[in-house]
Amino acid sequence: MLFQVYGDNAVYQWIGWILVFCCLIGANELARRTKTGGIVAFLVVPAVLTVYFVTIYTAAAMGAEWALNNPTYVHMTSWFHYAKLYAATIGCIGFMALKYKWGSIGKSHWFKCFPFVIVAINILIAVVSDFESAIRGWGGTWVSTEGVTLYGGWHNVFNGVAGILNIFCMTGWFGIYASKKKDDMLWPDMTWVFIVAYDLWNFCYTYNCLPTHSWYCGLALLLAPTVANFFWNKGGWIQNRAFTLAIWCMFAQVFPMFQDYSVFSTQSVNNPNVNLVVSLIALVANVLALGYILVRAKKQGVNPWMQEIFKGTKDYEQAIARAA
């Protein structure tokens, strides 16, 4: 098994997973369907949390006991968590600017490449973290600032390369549209080819570098936007992903006990051999995805990044039919 979901807490672990999955889908729907919901979720709440984080770290630097014992300060100290939280939130704000056409930026053609840029940045944050683990723990283990034992080795390198390849699997950078109802930013050329390759790579990243969180942020968090895209929000996967990621990061940063020390906590088996297999699967998937994209682009005689290459496919046509 990939995770330690057996024993006395197994029922709670499965209940926790189902709750996270369902709540993320529900929160995404609330945030995407109305302008007010999006503003509250990605402008108001992050502003309040920023004040909270600054207050904690300032008080901790001054030696305040309450701050030094604060769960966020004790359990969520890694640079990665803050980088991911704010990068995802910036992505959400940019996506809202595009779908609501806020200001000159939201109406401009050049800003349509923003989704590619912010997703690439988010991927690179994880790639750097994978390579960091490889360097610090090569051939053995190292302990993160949060006290988690991580293995470093070829699995980190393979998945880091998979992440870099995944960036080039994003096609049709300027093919961004607002839906007719103005509730979604659509990227029709981001079909199942990219989504499957991304999900496998990102799951592997969480499995390699976040073994105590991967049950939730590597499975529930990835499946929530994917399920929404495949069943009722075709073409909106990248918005689904950004919204659910930002919401989850906010929750996890403030309530780390849910994942780290409660009946819902779930560990991966944290075995370097298992990590290697998962990493190889992610790498092969991304090699195949990029190869398919390049072959398809060559047949059409187009630049796969400047132009959309999946026109005519079921995924693309269903998504573009929703565009304004």
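For every chain, the first residue of the written sequence is number 1, and numbering continues from 1 along that sequence. The predicted nature of this model means local features are confined to residues of pLDDT at least 70 and side-chain atom pairs, given and counted, to a pLDDT of 80 or more, with totals for whole chains, interfaces and linings taken over all residues. Side-chain measures here rest on the full set of heavy atoms in the structure, leaving out hydrogens and waters.

Looking at an unreviewed UniProt entry, one finds the chain named Membrane protein, with Bifidobacterium reuteri DSM 23975 as its source organism.

(A) The arrangement of the overall build of the chain in detail. Each helix and strand counted, the chain has 14 helices and 4 strands in total. Taking 324 residues into account, the globule formula puts the C-alpha radius of gyration at 20 Å, and the chain, at 20 Å, falls close to it. Across the 324 residues that make up the chain, the buried fraction comes to 55%. When contacts within the chain are restricted to residue pairs at least 6 apart in sequence, long-range pairs at least 24 apart make up 73% of them. Placing the 20 positive and 14 negative side-chain charges of the chain at their respective mean positions leaves the two points 15 Å apart. A run of DSSP states H or I qualifies as a helix once it reaches four residues; a run of E qualifies as a strand once it reaches two. Both are numbered from the N-terminal end. Two things to know: the radius of gyration comes from C-alpha atoms, and the globule rule equals 2.2 Å times the number of residues to the power 0.38. Whether a residue is buried, partly exposed or exposed follows from its accessible area with a 1.4 Å probe, protein chains only, as a fraction of its type maximum: under 20%, in between, or over 50%, in that order. Should any heavy atoms of two residues lie within 4.5 Å, those residues are considered in contact. Here Asp and Glu are counted as negative and Lys and Arg as positive; His is not counted, and neither are the chain ends. For the purpose of locating charges, the reference atoms are NZ of Lys, CZ of Arg, CG of Asp and CD of Glu.

(B) Here's a closer look at the packing of helix α10 (residues 214–231) against helix α11 (residues 237–254). As a rule, the C-alpha atoms of each element are fitted with a line to give its axis, helices using only the stretch in contact, and angles between N-to-C directions run from 0 to 180 degrees. Interhelical geometry of α10 versus α11 gives an angle of 145 degrees and a closest axis separation of 8 Å. Between α10 and α11 the crossing geometry is right-handed. Across the interface between the two elements, Y216, C217, L221, L222, P225, T226, A228 and N229 of α10 pack against W237, N240, R241, T244, L245 and W248 of α11. Throughout this entry, Asp, Glu, Lys and Arg are counted as charged residues, while Ala, Val, Leu, Ile, Met, Phe, Trp, Tyr, Cys and Pro are counted as nonpolar. The remaining residues, Gly among them, count as polar. Of the residues in the contact of α10 with α11, the class split is 9 nonpolar, 4 polar and 1 charged. Left-handed is the label given to a crossing in which the near helix is rotated counterclockwise from the far helix by less than a right angle, and right-handed is the label when the rotation is clockwise.

(C) Examining the pattern of salt bridges more closely. Any Lys or Arg side-chain nitrogen found within 4 Å of a carboxyl oxygen on Asp or Glu counts as a salt bridge. Scanning the entire structure with this criterion turns up 7 salt bridges. Note that D184 is salt-bridged to R32, the shortest N-O span being 2.6 Å. Here D184 is found in the loop between β3 (177–178) and β4 (185–186), whereas its partner R32 is found in helix α1 (residues 10–33), with 152 residues between them in sequence. A single burial state applies to D184 and to R32, both of which are buried. Three or more residues joined by partner-sharing salt bridges are found here, namely E29, R32, R33, D183, D184 and R322.

(D) Fine view of the packing of aromatic side chains. By convention, a stacked pair of Phe, Tyr or Trp rings (six-membered ring in the case of Trp) has centres within 6.5 Å and planes under 30 degrees apart, an edge-to-face pair has planes over 60 apart, and any other such pair is tilted. Considering all chains together, one arrives at 34 aromatic pairs under this definition. Among the aromatic residues, those joined into a ring-pair cluster are F3, W14, W17, F21, F203, Y207 and W215. The rule for a charge over a ring is simple: NZ of Lys or CZ of Arg within 6 Å of the ring centre, and within 35 degrees of the ring normal. The positively charged end of K35 is found above the aromatic ring belonging to Y100, 5.1 Å away from the centroid. For K112, the ring lying beneath its charged end belongs to Y177, and the centroid distance is 5.7 Å.

(E) The arrangement of the nonpolar core in detail. Residue types Ala, Val, Leu, Ile, Met, Phe, Trp, Tyr and Cys, when buried and joined through side-chain atoms within 4.5 Å, form a set referred to as a nonpolar core. Ranked by internal contacts, the top residues of the largest apolar core, which has 85 residues, are F42, I123, M170, W187, I238 and W248. Considering each element in turn, this core owes the most residues, 12 residues, to α11. Apart from the residues within four sequence positions on either side, M170 is in contact with F116, V119, A120, I123, W187, M190, F194 and W305.

(F) Structural context of unusual backbone geometry. One non-glycine residue, K101, lies in the positive phi region at around 55 degrees. Since its relative accessible area comes to 39%, K101 is described here as partly exposed. Located in the positive-phi region is K182, a residue other than glycine, with phi close to 65 degrees. Tracing the backbone shows K182 in the loop between β3 and β4.

(G) How the structure looks around a nonpolar patch on the surface. Here the term patch refers to residues with relative accessible area over 30% and no salt bridge, with like charges joined within 9 Å and nonpolar side chains (Val, Leu, Ile, Met, Phe, Trp, Tyr) within 5 Å. Each accessible area value is a Shrake-Rupley result obtained with a 1.4 Å probe; residue values ignore everything except the protein chains displayed when judging cover. Taken together, W192, V196, L200, F230, F231, W232, V277 and I281 make up a surface patch of nonpolar side chains, about 800 Å² in accessible area. Of all elements in the fold, only α9 (192–209), α10 and α13 (272–300) reach the threshold of two or more residues within the nonpolar patch. Per-element accounting of the nonpolar patch gives the leading share, 3 residues, to α9. By the element assignment, V196 lies in helix α9.

(H) Quick look at the environment of F203. Within the element layout of this structure, F203 appears in helix α9. Put simply, F203 and V128 are 75 residues apart on the chain and 15 Å apart in space, counted from C-alpha to C-alpha. When neighbours within four sequence positions are excluded, F203 is seen to be in contact with L2, F3, S214, G218, L219, L222 and V278.

(I) Structural view of the side chain of T171. As for its placement among the helices and strands, T171 is situated in the loop between α8 (154–167) and β3. For T171, a relative accessible area of 1% corresponds to the buried category. Pairs of N or O atoms are called polar contacts if they sit within 3.5 Å, as long as, within protein, a hydrogen donor faces a hydrogen acceptor (for residues adjacent in sequence, only side-chain-to-side-chain pairs). Engagement of the side chain of T171 in a polar contact is seen with the side chain of D189, the distance being 2.6 Å.

(J) Quick peek at the pairing of strand β2 (residues 149–152). Residues L150 and G152 point to one face of β2 and are all buried, whereas T149 and Y151, pointing to the other face, are not buried. Strand direction decides the pairing type here: strand β1 (residues 140–143) and β2, joined by 4 bridges, are antiparallel. Among the inter-strand pairings, W142 is bridged to a residue of β2, identified as L150. By definition, two strands form a pair when at least two bridges between them are found by DSSP.

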